Amino acid sequence: MELHGKRILLIIAGGIAAYKSLDLIRRLRERGASVRPVMSRAAQEFITPLAVGALSASHVYTDLFSREDEQDVGHIRLARECDLVIVAPATADLMAKMAHGLADDLASAVLLATDRPVLVAPAMNPVMWNAAPTRRNSAVLKADGIHFIGPMKGEMAESGEAGTGRMAEPLEIVAAAVTLLSSQDKPLAGKRAIVTSGPTHEPIDPVRYIANRSSGKQGHAIAAALAKLGAEVTLISGPVTIADPAGVKTLHVETAQEMLSAVLSALPADIAVMVAAVADWRVTASAGQKIKKQPGEPPAPLLLAENPDILKTLGHHAQRPAFVVGFAAETQDIEANGRRKLDAKGADIIIANDVSPATGIMGGDRNRVTLIAKDGIAQWPDLGKDEVAMRLAETIAARFTSV
Ligand code: C5P
């Protein structure tokens, strides 16, 4: 059921290939989609609304000014209450209207009003398909982000003429719809992401270590959200008590130095989200044996050395991922410190959050973050860490699709 739960708005324009749209409705529904049909006036010359309504088990929408249709849903809702618009057959005339933004009937008004992906299956005489206006209109529609399936080469139904213009077969249209919808669900398909999460433990001796209160909840949720949007994710986690997220390759490390080398070996990547609360310092020479207390003597001082800054290393690396996100856990001057960090670390976004103990953020399930990018700042409301993760993954996906 590759189209389970998907809502398809099927626009049937006037051409002899409309007879294949009846089969297309069946094929879409067989795969679990629901189909809402819109028919142009000309389409009704070729097939009847009765047949379309019976096969789709839906009301058939035909008229921009029908009081019944408009009261029922209206063209704006028709245009939006779907996951995909399919135009099959798409005639030269309807393509011309789409390319120019005309909206003088229900089909063209819906196409102008929709913000959903649109898949067109053109069907027309080969001479019409090759005519200069149709060539121009196809180019405009493709540049506008409209998806095409066909037309195919073959014999025309009405004239027997051969050439390119035959509508794609229903199963070919279904396959294109499945591919298109899955790429919409998975905008980060084909992208590789590295996420760090959790604290690091810096050993003092074999039994003692320096740590912090990071739980790994936010980093793990971000790894899961990126994977949900289709990215291939390597999560490099410090010691945490939460489970490895599903669908993610998780590597476990202890120290900042181990985390850095795991991150570098996971390169190349397109996305890096450094969420880990990496210890700033490690013990210069951690003891090979448990350090004994000596009665009557003061404790030996702990000598600390600075840890490598993983985010900064990545942000300035020759193989720098195209999109780098850092976190700034602050207890004061959140915005100013976040901005400074953006530059210093070579990041595209810094997610600043207030980790003062009163907020309960560190270790808790909720987060209130400020997103600081070069081109602006956004304050997100108090959200679950899973919601912050999904919003961030969507923000990253939007950056990739807009370039
Ligand atoms: O400088 P600060 O620790 O506040 O920076 C926080 C950001 O830098 C986080 O994204 C954190 O994961 C990252 N970081 C790092 N390596 C360090 C210190 C911080 O990757 N050694």
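Residues numbered from 1 in each chain as written. Predicted model: local features only at pLDDT ≥ 70, side-chain atom pairs only at ≥ 80, totals over all residues. Heavy atoms only, no water.

(A) How the structure looks around the layout of surface pockets. Approximately 1200 Å³ is the volume attributed to the largest pocket. Among the secondary structure elements, those contributing two or more residues to the lining of the largest pocket are strand S8 (192-197), helix H11 (217-228), strand S15 (304-306), helix H13 (310-315), strand S16 (323-330) and helix H14 (334-345). Here the element with the most residues in the lining of the largest pocket is S16; it accounts for five residues. For the lining of the largest pocket, the class distribution of residues is 20 nonpolar, 18 polar and nine charged. (1 Å grid on protein atoms, 1.4 Å probe; cavity = no way out; pocket = protein on both sides within 12 Å on 5 of 7 lines; lining within 4 Å. Points joined across faces, edges and corners; volume = space filled by probe spheres on them. Helix = DSSP H or I, 4+ residues; strand = E, 2+ residues; numbered from the N terminus. Nonpolar A, V, L, I, M, F, W, Y, C, P; charged D, E, K, R; others polar.)

(B) Focus on the site of the ligand. Around the ligand sit 13 residues, and of these Met274, Ala276, Leu311, Phe327 and Lys341 come closest. The contact in question runs from an oxygen atom of the ligand to an N or O atom on the backbone of Met274, over 2.5 Å. One nitrogen or oxygen atom from the main chain of Leu311 is found 2.8 Å from an oxygen atom belonging to the ligand. About the coverage of the ligand: the protein hides 86% of its 450 Å² of free accessible area. Among the detected pockets, the ligand sits in the largest pocket. Elements with a contribution of two residues or more to the shell around the ligand: H13, S16 and H14. Classifying every residue of the shell around the ligand gives eight nonpolar, one polar and four charged. (Near = heavy atom within 4 Å. Polar contact = N/O pair within 3.5 Å; in protein donor to acceptor, adjacent residues only side chain to side chain. Areas by Shrake-Rupley, 256 points an atom, 1.4 Å probe, with all protein chains shown as cover. Sits in = over half its atoms within 2 Å of the grid points.)

(C) Fine view of the packing of helix H6 (residues 92-100) against helix H9 (residues 132-143). The N-to-C vectors of H6 and H9 enclose an angle of 50°; their axes lie 9 Å apart at closest approach. By the angle class used here, H6 and H9 are oblique. In terms of crossing hand, the pair formed by H6 and H9 is left-handed. Facing Ala92, Met95, Ala96, Met98, Ala99 and His100 of H6, the residues of H9 in contact are Thr134, Asn137, Ser138, Val140 and Leu141. Residues that form the contact of H6 with H9 fall into these classes: seven nonpolar, four polar and no charged. (Axes fitted to C-alpha atoms, helices over the stretch in contact; angles between N-to-C directions. Parallel < 35°, antiparallel > 145°, perpendicular 65-115°, else oblique. Left-handed = near helix turned anticlockwise from the far one by under 90°. Contact = heavy atoms within 4.5 Å.)

(D) Structural view of the environment of Met362. Along the chain, the position of Met362 falls in the loop between strand S17 (349-354) and strand S18 (366-367). In sequence terms Met362 and Arg213 are 149 residues apart; their C-alpha atoms lie 6.5 Å from each other. Those residues in contact with Met362 that sit more than four places away from it in its chain are Asn212, Arg213, Ser214, Ala277 and Val355.

(E) Representation of the pattern of salt bridges in the model. A complete count under the given rule lists 24 salt bridges for this structure. Here Arg7 makes a salt bridge to Asp83, at a shortest N to O gap of 3.5 Å. One end of the pair, Arg7, is in strand S1 (residues 7-12); the other, Asp83, is in the loop between helix H5 (75-80) and strand S3 (84-90), and 76 residues separate them in sequence. You can call Arg7 partly exposed: its relative accessible area is 35%. Of the charged contacts in the structure, one is a salt bridge between Arg80 and Asp115, with a shortest N-O distance of 3.8 Å. With Arg80 in helix H5 and Asp115 in the loop between helix H7 (106-113) and strand S4 (118-122), this pair connects stretches of sequence that are 35 residues apart. (Salt bridge = Lys/Arg side-chain N within 4 Å of Asp/Glu carboxyl O. Buried < 20%, exposed > 50% of the residue type's maximum accessible area, 1.4 Å probe, protein only.)

(F) Fine view of the environment of Val325. With respect to the helices, strands and loops of the structure, Val325 is situated in strand S16. Residues Val325 and Ile396 lie 71 residues apart in sequence; the distance between their C-alpha atoms is 9.1 Å. Beyond its immediate stretch of four places on either side in the chain, Val325 contacts Ala272, Val273, Met274, Leu311, Ile349, Ile351, Leu392 and Ile396.

(G) Summary view of helix H15 (residues 385-401). Relative to the 24 Å expected for 17 residues at 1.5 Å per residue, H15 spans 24 Å between its end C-alpha atoms, a close match to the ideal helical length. Residues of H15 that are buried include every one of Lys385, Val388, Ala389, Leu392, Ala393, Ile396, Ala397 and Phe400, and no others. (Expected span 1.5 Å × (residues − 1).)

(H) Geometry of the sheet that holds S3. If you walk across this open sheet you meet the five strands as S2-S1-S3-S4-S5, and the pairing is parallel. Only two strands of the sheet have a single neighbouring strand rather than two, namely strand S2 (34-39) and strand S5 (147-148). Note: S1 against S3, four bridges, orientation parallel. Its bridge partner being in S3, Leu9 is matched across the sheet by Val85. This element, helix H10 (residues 170-185), spans S3, S4 and S5 of the sheet and lies at about 155° to S3. (Pairing = 2+ DSSP bridges.)

(I) Highlighting the domain arrangement of the protein chain. In terms of domains, the protein chain is made up of domain 1 (7-184) and domain 2 (192-402). Distance between the C-alpha centres of domain 1 and domain 2: 48 Å. (Domains from an automatic or database assignment.)

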